[in-house]
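# Structural overview
For reference, the chains in residue letters:
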Amino acid sequence: MISVEEVRAKALELGWEDVGITSASIPEEDIHSYLDWIKEGYHGDLAYMEKQIRCYPQELLPEAKSALLFITYYKQPRHPFRADAGLIASYARGRDYHRVHRKRLKRFITWLEEKSGRSGVARGFSDSTPILEKALAVQAGLGWFGKNSLLIHKKFGTFILLSGILTTLEFPHEVKSTRIPRCGTCQRCLDACPTQAFVAPYHLDASKCLSYHLIESKESLSEEIRKKNPGYAFGCDICQDVCPHNARKPLSICSDFAEDSGIGAYLTLEDISQLEQAPEELHGTPLQRRGVKGLKNTLLR
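Here goes a summary of the coordinates provided. Along each chain, residue indices are assigned from 1 in the same order as the chain's sequence is written. With pLDDT at 70 or above as the cut-off, local features in this predicted model cover only qualifying residues; side-chain atom pairs require 80 or more to be listed or tallied, and sums for whole chains, interfaces and linings still use all residues. Values reported for side chains reflect all heavy atoms of the structure, with hydrogen atoms and water molecules removed beforehand.

### Brief notes about the side chain of T129
Using the following cut-off: Labels follow the DSSP assignment, with helices taken as runs of H or I lasting at least four residues and strands as runs of E lasting at least two, numbered in each case from the N terminus. For every residue, the accessible area obtained with a 1.4 Å probe (protein chains only) is divided by the maximum for its type, and the residue is called buried under 20%, exposed over 50%, and partly exposed between those limits. Contact definition: two residues touch when any of their heavy atoms are within 4.5 Å.
The residue T129 is located in the loop between β4 (122-125) and α4 (133-139) in this model. For T129, a relative accessible area of 13% translates into the label buried. When residues no more than four places from it in sequence are discounted, the contact partners of T129 are L60, R123 and G124.

Structure (structure tokens):
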């Protein structure tokens, strides 16, 4: 049997900062919260969020018994807004984390199969797969839900990315008691949000979120969103920058997220002109999701 200690050692070896193990089942409380969120229409135009398969891991991997959740820490330097350029959110300045995760997950699954002597025992995921990974991470004891709806890790705060593995192998685990609210009376994230996207603590209306408009939405930016955008070209870090759990945290040492591994911290109209001639430069970066046309639309005022 593969031990928890071996799992942790392998995860750290492959570049993750932390790992948790839990059962391959989403808590009923989280399923109900998710369905209510969809019913309220807080997912905006993200129709793919309506797929309820994300509530039932066994539909992704039949007979899945355990879920391994991995933490990737990506925090980059905090930069000021500039009048001549749009700021890029911290996570998106380097390589596309999906690619980083896929490489690690493939290696981890190969290791699992070799150690167990069985094939087809696992399936990896990294937020493009329909699964409520934050709920699993809380259940695995990796952190708790903050008022900004993000997972707050006990050591790394909110500048983290989740990935994981569903497996038919069984591992010892226990349901951790990290669901207890730990934000106290603080609501800096709610007060700082430039688009007032939080309808209440722990409840985000994604259709109002700046990141939704600058990353996911296919619509042109409305005049209202343009006026409320303090200067981002892609994504938004505001509710994380003001969070006390992120104060005095060191920067990530992972080179994949460094600014010189991707587009960098800023994007100008001159950069857009160059990208129009060579759009392939966006390949392998998170900004590829928005595309040159979408990025140009954001920067034009």
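### What to know about the pattern of salt bridges
Definition in use: Salt bridge criterion: a side-chain nitrogen from Lys or Arg within 4 Å of a carboxyl oxygen from Asp or Glu.
Enumeration according to the criterion identifies ten salt bridges in this entry. With its nearest N and O atoms 2.8 Å apart, the salt bridge here joins E216 to R289. With a gap of 73 residues between them, E216 in helix α6 (residues 210-216) and R289 in the loop between α9 (269-277) and α10 (291-299) connect regions that are remote in the sequence. According to the relative accessible area criterion, E216 is partly exposed, its value standing at 21%. Notably, a salt bridge pairs K228 with E224, separated by 3.1 Å at the nearest N-O pair. Placement of the pair is K228 and E224 together in helix α7 (residues 223-228), with a separation of four residues, close to one helical turn. A relative accessible area of 49% means that E224 is categorised as partly exposed.

### Overview of the pairing of strand β7 (residues 160-167)
What counts is decided by this rule: Strand pairing is assigned whenever DSSP identifies at least 2 bridges connecting the two strands.
Of all the eight residues making up β7, eight are buried; the element is thus mostly covered by neighbouring parts of the structure. With eight bridges connecting them, strand β2 (residues 66-73) and β7 associate as antiparallel partners. Bridging across to β7, I71 finds its partner in L162. Where β4 lies against β7, four bridges are found, and the strand directions are antiparallel.

### Some points on the nonpolar core
We count it as follows: Put simply, buried Ala, Val, Leu, Ile, Met, Phe, Trp, Tyr and Cys residues joined by side-chain atoms within 4.5 Å make one nonpolar core.
Y91, L166, F234, L267 and L287 are the most contacted members of the largest nonpolar core, which has 61 residues in total. If you look at the next biggest cluster of nonpolar residues, it comprises 19 residues, including L14, I21, L112 and L169.

### Concerning the packing of aromatic side chains
Keep this limit in mind: Paired rings are identified among Phe, Tyr and Trp, the last through its six-membered ring, by centres lying within 6.5 Å, and are further divided according to the angle between planes into stacked (under 30 degrees), edge-to-face (over 60) and tilted (the rest). When the NZ atom of lysine or the CZ atom of arginine is within 6 Å of a ring's centre and also within 35 degrees of its normal, the charge is said to sit over that ring.
Within this structure, the stated rule accounts for eleven aromatic pairs. Summarising the aromatic geometry, the rings of Y91 and Y97 are spaced 5.9 Å apart at their centres and angled 70° between planes, so their arrangement reads as edge-to-face. Taken individually, Y91 and Y97 each receive the classification buried, so the pair is uniform in this respect. Connected via pairs of aromatic rings, a cluster forms that spans Y74, Y91, Y97, F159, F234 and F257. Over the face of the ring belonging to Y266 we find R82, whose NZ or CZ atom lies 4.3 Å from the ring centre. The positively charged end of R182 is found above the aromatic ring belonging to W144, 5.0 Å away from the centroid.

### Quick look at the sheet that holds β7
Worth spelling out the cut-off: Axes, fitted as lines to C-alpha atoms, cover a helix only where it is in contact. Angles between the N-to-C directions of the axes lie from 0 to 180 degrees.
One open sheet holds the four strands; their spatial order is β1-β2-β7-β4, and the pairing between them is antiparallel. A strand with exactly one partner marks an edge of an open sheet, and here the two such strands are β1 (18-23) and β4. Going across the sheet, the axis of each strand differs from the next one's by a mean of 20°, ignoring polarity. Note: β1 against β2, six bridges, orientation antiparallel. Paired with G20 across the bridge in β2 is L69. Across the face of the sheet, helix α1 (residues 4-13) comes into contact with β1 and β2 while running at roughly 140° to β1. Docked against the sheet, helix α3 (residues 97-116) engages β2, β4 and β7, running at close to 30° with respect to β7.

### Remarks on unusual backbone geometry
Of note, the phi angle at D127 is positive, near 35°, even though the residue is not glycine. With respect to the helices and strands, the residue D127 is situated in the loop between β4 and α4. Residue D127 is classed as partly exposed on the basis of its relative accessible area of 36%. Backbone geometry at S149 places phi at a positive 70°, although glycine is not the residue there. Tracing the chain through its elements places S149 in the loop between β5 (143-145) and β6 (151-153). S149 sits in the buried class, given a relative accessible area of 15%.

Just distances and angles here, no functional claims.
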